[in-house]
Amino acid sequence: MFRRTFWFTAGAAAGVWASHKVNQKLQRLTPESLAAQAADKALDAGHRLKDFALDVRAGMLQREAELDDVLGLDAPPEGPELPATRRPALEGERYPVTYRAQQKYPKKYPKHPNNRNEDH
């Protein structure tokens, strides 16, 4: 009698365990769950990509500093400094006088724009 009770209880427990596992798998395969999993993986990949880019940038800056030291590019330039930037001849004038004159007195076009005797 105890044998039958033991196997009945073991079978019932195995059935409950199997049905729970099946329900878990079905729950993971719902569209909402799949979308959430894809979003989590995309975020994780984005974070890894950002970390990689930051590592590459740090290595690039370190190597650039090493090359600057080796080539002596960090030293101040020897010789005369560059001349100061040029300023326009007329302070406050945005355009030269000729441009303003053209705007004030526009070019006169022929009265007959469809004249076929023009040189092309």
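Residues numbered from 1 in each chain as written. Predicted model: local features only at pLDDT ≥ 70, side-chain atom pairs only at ≥ 80, totals over all residues. Heavy atoms only, no water.

Caption draft 1: Quick look at the environment of Ser-33. With respect to the helices and strands, the residue Ser-33 is situated in helix 2 (residues 31-71). For Ser-33, a relative accessible area of 19% puts it in the buried group. Residue contacts for Ser-33: discarding those within four places in its chain leaves Gln-27 and Arg-28. Within the local environment of Ser-33, its side chain forms a polar contact with the backbone oxygen of Arg-28, the two atoms lying 3.3 Å apart. (Helix = DSSP H or I, 4+ residues; strand = E, 2+ residues; numbered from the N terminus. Buried < 20%, exposed > 50% of the residue type's maximum accessible area, 1.4 Å probe, protein only. Contact = heavy atoms within 4.5 Å. Polar contact = N/O pair within 3.5 Å; in protein donor to acceptor, adjacent residues only side chain to side chain.)

Caption draft 2: Spatial organisation of the pattern of salt bridges. If you walk through the whole model with that rule in mind, you get 2 salt bridges. When the shortest N-O distance is used, the salt bridge between Asp-44 and Arg-48 registers 3.3 Å. Of this pair, Asp-44 and Arg-48 are both found in helix 2, 4 residues apart, which corresponds to roughly one turn of the helix. For Asp-44, a relative accessible area of 40% gives the class partly exposed. Glu-66 is the salt-bridge partner of Arg-63, the closest N and O atoms lying 3.3 Å from each other. Of this pair, Arg-63 and Glu-66 both sit in helix 2, 3 residues apart, which is roughly one turn of that helix. You can call Glu-66 partly exposed: its relative accessible area is 35%. (Salt bridge = Lys/Arg side-chain N within 4 Å of Asp/Glu carboxyl O.)

Caption draft 3: View of the packing of aromatic side chains. The full count for this structure, using the stated rule, is 1 aromatic pair. The interplanar angle of 70° and the centroid separation of 5.1 Å between the aromatic rings of Phe-6 and Trp-7 together place this pair among those described as edge-to-face. Exposure remark for Phe-6: the relative accessible area of 51% places this residue in the exposed category. (Phe/Tyr/Trp six-rings, centres within 6.5 Å; stacked < 30°, edge-to-face > 60°.)

Caption draft 4: Highlighting helix 2. An ideal rise of 1.5 Å per residue puts 60 Å on 41 residues; helix 2 measures up with 59 Å between its terminal C-alpha atoms. In the stretch just after helix 2, Gly-72 is the one whose phi turns positive, near 75°. (Expected span 1.5 Å × (residues − 1).)

Caption draft 5: Seen up close, a nonpolar patch on the surface. Nonpolar side chains collect at one region of the surface, where Leu-67, Val-70, Leu-71 and Leu-73 lie side by side and expose about 430 Å² of accessible area between them. Taking relative accessible area as the criterion, Leu-71 reaches 59% and is therefore assigned exposed. (Patch = residues over 30% accessible without salt bridge, like charges linked within 9 Å, V, L, I, M, F, W, Y side chains within 5 Å. Areas by Shrake-Rupley, 256 points an atom, 1.4 Å probe, with all protein chains shown as cover.)

Caption draft 6: Quick peek at the confidence of the model for the protein. Residues of the protein with pLDDT of at least 70 account for 68%, and the chain-wide mean is 80. No element of the protein has a lower mean pLDDT than helix 3 (residues 97-104), at 52, and none a higher one than helix 2, at 93. (pLDDT = per-residue confidence, 0-100.)

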